Amino acid sequence: MQAKILKTENLQAWLDKLASYGEVYAPVKGKDTSSFERVNAGVMPDFSIRTDVPPKGLIFRQAEKILAYTVGEDGLEIKRAGEEISNRIIFGIRPCDSRAFDILDAALLNPYASEYSYSVMRERTVLITLACNEPGQTCFCTTVDGSPAGKVGNVWIIDLGDRYYVEALSPSGEQVVMLGEGLFMDATEDDKLLVQHKERELFKAVSRFPAPTVGDLNRIFDDEDFWKRLADKCLSCGMCTFLCPTCHCYEIKDEGNPKSGDRYRIWDSCMFSNFTLAAGGHNPRVEHWKRLRQRMMHKFSYFIENSGVIGCVGCGRCIRSCPVAFDVREFLRDAALVCTATVGSIDGLLDRDRTA
Amino acid sequence: MAAITDMLVPVNATVTDVIGETPDVKTFKIKIDDGNYRESFAYRPGQFAELSILGIGESTISITSTPTRPDYLEFSIKRIGLVTEAIHTLVSCNKIALRGPYGNGFPVEDWKGKDLVFVAGGIGLAPLRSVINYMLDNRDDYGRIQLIYGARSPQDLVFRWEYDTWRQAKDFDLEITVDGASEGWMGRVGFVPALLKEAAPSPENAIALTCGPPVMIKFVLQDLVSMGFKSDQIITTLESKMQCGVGQCGRCNIGPKYICKDGPVFTLTELNKIKGDF
Ligand code: SF4
Ligand code: SF4
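Thresholds applied
Residue positions are given per chain, counting from 1 as you read along its sequence in written order. Numbering of ligands from 1 and lettering of chains from A proceed in the order in which they are written. Local features in this predicted model are restricted to residues of pLDDT 70 or higher, and side-chain atom pairs are both shown and tallied only at a pLDDT of 80 or more, whereas totals for entire chains, interfaces and linings draw on every residue. Heavy atoms from the whole structure form the basis of all side-chain values; hydrogens and water molecules are not counted. Only DSSP runs of H or I reaching four residues or more are called helices, and only runs of E reaching two or more are called strands; each is numbered from the N terminus. A 1.4 Å probe rolled over the protein chains alone gives each residue an accessible area, and that area as a share of the maximum for its type sets the label: buried under 20%, exposed over 50%, partly exposed in between. In what follows, residue pairs with any heavy atoms lying within 4.5 Å of each other are defined as contacts. One heavy atom within 4 Å of a molecule or strand makes the whole residue count as near it. Ten residues, namely Ala, Val, Leu, Ile, Met, Phe, Trp, Tyr, Cys and Pro, are considered nonpolar, four, namely Asp, Glu, Lys and Arg, are considered charged, and the remaining ones, Gly among them, are considered polar. These domain limits were set by an automatic method or by a database of domain assignments. Buried surface area refers to the total accessible area, computed with a probe of radius 1.4 Å, that the two partners give up upon joining, counted for both partners together. A side-chain nitrogen of Lys or Arg and a carboxyl oxygen of Asp or Glu constitute a salt bridge if their distance falls within 4 Å. Polar contacts, as counted here, are pairs of nitrogen or oxygen atoms within 3.5 Å of one another; within protein the pair requires one atom able to donate a hydrogen and one able to accept it, and residues that are adjacent in sequence qualify only if both atoms are side-chain atoms.

1. Section: the environment of A:Ile158
All names here are of chain A.
Alright, step 1. Tracing the sequence through the fold places isoleucine 158 in strand β8 (residues 155-159).
Alright, step 2. Judged by its relative accessible area of 0%, isoleucine 158 falls in the buried class.
Alright, step 3. Sequence separation between isoleucine 158 and glutamate 287 is 129 residues, and the spatial gap between their C-alpha atoms is 45 Å.
Alright, step 4. Beyond its immediate stretch of four places on either side in the chain, isoleucine 158 contacts Ala131, Asn133, Arg163, Tyr164, Tyr165, Val195, Lys198 and Leu202.

Following this line, the structure appears as structure tokens:
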């Protein structure tokens, strides 16, 4: 499909048409926090905000019912949960949050095992990604292989002032663009050139810094002092994991009595001390620094080893939400420094192969 | 497993027999109710399943039966938490929910023609028993089998009812020890590593498998190495807190490896390579 142009004044009309596809979610400023909420026709979302809460939970829900059980005269009955899920559109999701779903896919939909509820939600959801014209203070997407203009999701749009440039990236993306037929014009060659220029400029607008490679992190894994210093202030509150768009650790929990009840898949956090506590009492990550090390290693080393991508999209939410100001960027800088004190220029550091 | 199935949902199974092993271990014979699922439940020694008592939760339990005896599954379960406590109240004909099998299991096919040395402590014999009986059912494929087993006390030895069968099997040595004797115990007293040293199995054309309490494993691994076993010849199976069983819930990793999916069976060579929280 040809790239399209949508006049700014027609955005509302397109949004209203999208409601015929399914539920539309968009960034909304609440009293205390901003998040992606269902928007009904006629309501204009606030596309200027970078939401406090990522849209992760719209697809990977915080509490997902897996099954219902009843124990009766004739034994045990297990019924798989599975309400009808309507189509949904997440409109105005930022490139980092969009890309976070690719990372969740690698973890939850891999060939070895596929998480059913997530797969259904994912299939039903169309992501309309909005490029970031003004990166935020805590954004570092470019350091972790992303870009504020990253073309991810099903549709990609960028604000050109008086108009939006709209590009469908998948068949479902084309379908939702088609819903606005008549509102769009074909993009001209000039539009395309302008957009390419903006893509390059936006990439440069988010400063990149050297980050450690898998090999670096393996080398400092046993440096206890490094990790203890890093985790010095950490309260193990888990805020960083709950607001992270790529964190996906979960727990399986029953709610009910011996006769009937439900089983849920619920978000959990590797920062909690009982997360790895076995029934016999053994716990490999009792110390809080080991848990912070696990979180960092998982995102910046294990995930790359297992899935080939970094497990962090650089959204900066963990930095903004941490009550004691733990800054993952400082960790990355420190780790890279400790490991590469001998490596030459910053440019050399920036472009190292991260898997090495 | 590529197809999208709801892997977290267990199926119904029925307890067909319960054997009291020790004051806190019982062996449950279980039959999956649905014939199709039963047939699709193809496992190899060393794999495990998630057993649930709905309303209380799930527990990760290794399969102690062998796939060569397909009429039932057996799980030897130690009472150590809420779920295992609830499982212990089950009697024949009761229902239990189950999903699996999970994990890599032992590469028994690769070991044809080799001698096998099993070193086990306490309930750690359960996953190894699957291999032992698998080999006895394919006796000609394997060489000499040596089992060195110990428990805290005579009462804590599991599968006592099976020792005679094993002792009578061809080329099978069974050596047993207890940490502390009780009245009437005529056997050996002492720790497993000491017995292992005494038995001094030859590393030649052999594979050594060990499972038991972490401290025991630690010593046994060292001793096997000093006896001349190469890291590739030494196999262990690890335990950890698990929930999903398929490498997603985030608990059981040591470094980049998930015990549930990349393990629970590892060679010493593999373990030596991993940096992680054990
Ligand atoms: S939000 Fe901060 S204090 Fe809380 S667990 Fe994360 S790093 Fe530690
Ligand atoms: S680790 Fe922090 S910066 Fe990275 S994706 Fe998670 S919340 Fe965003």
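Now that the structure has been shown, the text picks up again.
2. Digging into the environment of A:Met44
Residue and element names in this part refer to chain A.
Alright, step 1. Tracing the chain through its elements places methionine 44 in the loop between β3 (34-38) and β4 (63-72).
Alright, step 2. As a C-alpha pair, methionine 44 and isoleucine 266 span 222 residues in sequence and 32 Å in three-dimensional space.
Alright, step 3. The residues contacting methionine 44, other than those within four sequence positions of it, are Leu11, Gln12 and Leu15.

3. Remarks on the site of ligand 1
Alright, step 1. All residues adjacent to ligand 1 are A:Cys234, A:Leu235, A:Ser236, A:Cys237, A:Gly238, A:Met239, A:Cys240, A:Met271, A:Cys322, A:Pro323, A:Val324 and A:Phe326.
Alright, step 2. Considering only residue class, the shell around ligand 1 consists of 10 nonpolar, 2 polar and no charged.

4. Notes on the domain arrangement of chain A
All names here are of chain A.
Alright, step 1. Segmentation of chain A into domains returns domain 1 (4-60 + 83-205) and domain 2 (214-249 + 274-350).
Alright, step 2. The centre of domain 1, based on its C-alpha atoms, is set 28 Å off from the matching centre of domain 2.
Alright, step 3. Taken together, the contact pairs 23 residues of domain 1 with 25 residues of domain 2.
Alright, step 4. Each partner contributes to the roughly 2,000 Å² buried at the junction of domain 1 and domain 2, and carbon and sulfur atoms together form 64% of this total.
Alright, step 5. Broken down residue by residue, the surface that domain 1 buries against domain 2 is led by Ile103, Thr138 and Phe140, which jointly contribute 32%.
Alright, step 6. Counting every contact that joins domain 1 to domain 2 gives 1 salt bridge.
Alright, step 7. Note that arginine 317 and aspartate 97 form a salt bridge whose closest N and O atoms lie 2.6 Å from each other.
Alright, step 8. At the junction of domain 1 and domain 2, the tally comes to 8 residue pairs in polar contact (both at pLDDT 80 or more).
Alright, step 9. Residues belonging to the side of domain 1 that touches domain 2 are distributed by class as follows: 14 nonpolar, 3 polar and 6 charged.

5. Section: the interface of chain B and chain A
Interfaces are often described in size by the accessible area the parts lose on coming together.
Alright, step 1. With 43 residues of chain B at the interface, the matching set in chain A holds 46 residues.
Alright, step 2. For the pair chain B and chain A, the summed buried surface comes to about 3,800 Å²; carbon and sulfur atoms form 55% of the total.
Alright, step 3. By the criterion of area lost to chain A, the three top residues of chain B are B:Leu54, B:Gln248 and B:Asp277, representing 19% of everything that side buries.
Alright, step 4. Two residues, A:Asp268 and B:Arg251, come together in a salt bridge whose shortest N-O distance is 2.6 Å.
Alright, step 5. Our count for the chain B to chain A interface comes out at 21 residue pairs in polar contact (both at pLDDT 80 or more).
Alright, step 6. Broken down by secondary-structure element, the contributors of at least two residues to the side of chain B that touches chain A are β1 (11-22), β3 (48-53), β4 (57-62) and β6 (95-102) of chain B.

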